[in-house]
Amino acid sequence: MAAALQAVMSTHAVSARLAETFAPMSARRLLVFGGIALVATGMLFGDIFAVFVLHQNGDATGQAVLSAAEAARAGNSTAVQATFQRIAGLLEDHGTKVDTHVHMTDAGYLALLLALIQPCVALPQKRKKLLAGLFVAGGLLLPVGIFLIHYVGLAYSPFAVIGWASVLADSAGALLMLVLIAEAYGLWKFLRGAESGESELPDDRTWERRALLSGGTLLILLGFLYGAWYAGVDLYRHEARESQILKGMLDAATGAGDISAQVAQYRSLAAEKAVKIAAHSHLIEFGLLAMLLSFVQPYVFLSKRWKRRWIVTLLMGSVILPVFVLLEMNLGLLAGGIADVGGLLVIIALTAMLVGVLRYGGSLDAGVVG
Amino acid sequence: MSPSRMLLLVGGLSLATLGMLYGLHYALFAEHQTLDRMGGSLAQAFSQAAGRNLQPAYNSVDAYASTKFDYVRQVDLHSHWIGLSMLLIVLGAAFDGVAFSERGKLWIAAVLTVGSFVFPLGVILQTLSHGAAYASVLAILGSAVVTAGLAAVAWGFGRSGQ
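Owing to the predicted nature of the structure, the values given are computational and were not obtained by experimental measurement.

The rules behind the values
- Residues numbered from 1 in each chain as written.
- Chains lettered and ligands numbered in written order.
- Predicted model: local features only at pLDDT ≥ 70, side-chain atom pairs only at ≥ 80, totals over all residues.
- Helix = DSSP H or I, 4+ residues; strand = E, 2+ residues; numbered from the N terminus.
- Buried ≥ 20, exposed ≤ 12 C-beta atoms within 10 Å, placed from the backbone.
- Rg over C-alpha atoms; globule rule 2.2 N^0.38 Å.
- Contact = placed C-beta atoms within 7 Å.
- Domains from an automatic or database assignment.
- Nonpolar A, V, L, I, M, F, W, Y, C, P; charged D, E, K, R; others polar.
- Axes fitted to C-alpha atoms, helices over the stretch in contact; angles between N-to-C directions.
- Parallel < 35°, antiparallel > 145°, perpendicular 65-115°, else oblique.
- Bend = angle between axes of the 7 residues up to and from the residue.
- Core = buried A, V, L, I, M, F, W, Y, C linked by C-beta atoms within 7 Å.
- pLDDT = per-residue confidence, 0-100.

Another point: the overall build of chain A. The secondary structure content of chain A amounts to nine helices and zero strands. Secondary structure of chain A in N-to-C order comes out as α-α-α-α-α-α-α-α-α. Judged by the C-alpha coordinates and their principal axes, chain A covers about 90 × 50 × 35 Å. Buried positions account for 42% of the 370 residues belonging to chain A.

This is the structure in structure tokens:
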């Protein structure tokens, strides 16, 4: 009886301490909400891009390279220049969409990281809230600016090569940096003995925390090892091969060679590079995400069973996506489809956790928990 | 706060700021120009081929390859510094869960911080002189050190669960 009473009292004490770290409209709450939302939106954008843009863009680029080689064979340098204008547009379309996905997701990661270190940032609460708001706003505006670069171009721009969308993206990037510098200043003050006025998260050794921490670390380690393998075995070989194929294409354009075969090799090389780099980066990104989410688990107001289900879903998706992205070279679109499902699993798990955090915030404000 | 956590957090935030400063500088002053140069070289190669000037066309492909060599590594510097900085900060928050002595943890934190700075630095130094051995050695050493540090952290997390 006494032990049960002690357990209940201890649970209440932990809940009260936890509630302290998640005060209404606090910097940490804003950064956790904003961070998970940015990561989920960035991943959803990436999945939509992979399904509806990536392969179509690759096909169009391949066709354009073929047209350029055929124009060269016909001795028509005006058509060559016009085709390369089209290729530049296609590459910009592809590049800005990849960058939108990467920058939105990474801004979300940084927001979650800042939420973690708030107890070590010795700044007034009001300033912390302002910094958190600015960071989330910058994290949203930066990818929006990048996305618009392809569509806005140089319209009404007073600069020679930088358009208004780039100005928006660069300004948002500068804003993120200023916030980081201010947070670093707060950290420096804390290290010199100033108080942060915020308590650290209670020590948590639950299954949820350990599964996400160890799963995340293993994913990152795998990503590192694969990246080292890629850099050692493939990177220089790919670079040399690209030049070789392009020269072969020029040979074919000026002689009687088969241009289509050279273009097919070029496309195959581009696809091989893309899937290998994507596998490396997604393993690390998902590992980092799992580790970050391990700290958010105390704020996920769901039953233990559902919390664990979403963690398993997240880790499964984190393995499925990079593995099947790699298998795309052998299994083609089937593997691509399975990889997209893997990405979707991560997004669903992430959204479920965001719902859990929102429920926790709402329950706390309504006085149901805490 | 323990010295190992402090080192990881300060190192991570410094690296994130450095990576972002480099990214901003690159986006403002180099990226558009580099992309224009790459596209220009490739278009020129095909135009020269159209004029049946094969040797200059080959030279233009070489110029394209050289610019792309730099471009890939410049983007890698930005993304790896920021990626590794995030890893350092996360580990800084989770480091109490690593079951080693504080002295051991401080060593691991130092190895991770130094490796995270040196590995991308080695990558970018390759652009100063293509194929420079010292730059590749620096990049390989840096990445090996970070990987070893992370393996030690994974082991430490595993020990804490036992």
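So, on to the overall build of chain B. From N to C terminus, chain B includes five helices and zero strands. Along the chain direction, N to C, the helices and strands of chain B fall in the order α-α-α-α-α. Computed over the C-alpha atoms, the radius of gyration of chain B is 21 Å, more than 25% above the 15 Å expected from 2.2 N^0.38 for a compact globule of 162 residues. Taken along the three principal axes of its C-alpha coordinates, chain B extends 70 × 30 × 25 Å. Taking all contacts inside chain B whose residues are at least 6 apart in sequence as the whole, residues at least 24 apart take part in 77%.

Residues and elements named next belong to chain A. Taken as a whole, chain A is organised into domain 1 (15-203) and domain 2 (205-234 + 278-370). Domain 1 and domain 2 are separated by 20 Å when their C-alpha centres are compared. Listed as interface residues are 26 residues of domain 1 and, on the opposing side, 24 residues of domain 2. Elements that contribute at least two residues to the side of domain 1 that touches domain 2 include exactly helix H1 (2-20), helix H2 (27-73) and helix H3 (77-117). A total of 13 residues in the side of domain 1 that touches domain 2 trace back to one element, the largest contributor, which is H2. Looking at the side of domain 1 that touches domain 2 residue by residue, the classes come out as 20 nonpolar, three polar and three charged.

Moving on, we get to the packing of helix H3 (residues 54-94) of chain B against helix H4 (residues 102-125) of chain B. Residue and element names in this part refer to chain B. The interhelical angle for the contact between H3 and H4, taken along N-to-C directions, is 175°, at an axis separation of 8 Å. Between H3 and H4, the crossing angle belongs to the class labelled roughly antiparallel. Across the interface between the two elements, Arg73, Gln74, Asp76, Leu77, His80, Trp81, Leu84, Leu88 and Leu91 of H3 pack against Leu112, Thr113, Ser116, Phe119, Pro120, Val123 and Ile124 of H4. When its residues are assigned to classes, the contact of H3 with H4 shows 10 nonpolar, four polar and two charged.

This paragraph deals with the environment of Ser116(B). Residues and elements named next belong to chain B. The topology assignment puts Ser116 in helix H4. Separated by 105 residues in sequence, Ser116 and Gly11 place their C-alpha atoms 9.1 Å apart. The residues contacting Ser116, other than those within four sequence positions of it, are Leu15, Leu84, Leu88 and Val146.

Moving on, we come to the packing of H2(A) against helix H4 (residues 125-152) of chain A. Residue and element names in this part refer to chain A. As a packed pair, H2 and H4 sit with axes 8 Å apart at the nearest point and diverge in direction by 10°. The pairing of H2 with H4 is recorded here as roughly parallel in orientation. Between H2, through Ala27, Leu30, Leu31, Gly34, Leu38 and Gly42, and H4, the contact on the second element is made entirely by Lys128, Lys129, Leu131, Ala132, Gly133, Val136, Gly139, Leu140 and Pro143. When grouped by side-chain class, the residues that make up the contact of H2 with H4 number nine nonpolar, four polar and two charged.

All names here are of chain A. Along the chain, Val355 turns up in helix H9 (residues 333-365). Residue Val355 is classed as partly exposed on the basis of its C-beta count, with 15 C-beta atoms lying within 10 Å. Between the C-alpha atoms of Val355 and Phe33, which are 322 residues apart in sequence, the distance is 9.6 Å.

Contact residues are listed per partner, giving 53 residues for chain A and 51 residues for chain B. For the side of chain A that touches chain B, the secondary structure elements donating two or more residues are H2, H3, helix H5 (164-191), helix H6 (207-254) and helix H7 (259-296) of chain A. Ranked by residues supplied to the side of chain A that touches chain B, first place goes to H6(A) with 18 residues. By residue class, the composition of the side of chain A that touches chain B is 37 nonpolar, nine polar and seven charged.

Turning next to H2(A). Along H2(A), the helix axis deviates most sharply at Ala50(A), where the bend reaches about 50°. One or two residues past the end of H2(A) sits Gly75(A), with phi positive at roughly 75°.

Moving on, we get to the nonpolar core. Membership of the largest hydrophobic core comes to 117 residues, with the highest contact counts inside it found for Ala111(A), Leu113(A), Ile117(A), Leu288(A), Leu292(A), Leu350(A) and Val90(B). Here the element with the most residues in this core is H7(A); it accounts for 14 residues. Of the domains in this structure, domain 1 (15-203) and domain 2 (205-234 + 278-370) of chain A are the two that each give at least three residues to this core. Excluding residues within four positions of it along the chain, Leu113(A) makes contact with Leu292(A), Met86(B), Ile89(B) and Val90(B).

For the rest of this paragraph, the subject is the confidence of the model for chain B. When pLDDT is averaged along chain B, the result is 90, and 98% of the positions lie at 70 or above. The complex prediction reports pTM at 0.87, with the ipTM value standing at 0.89.

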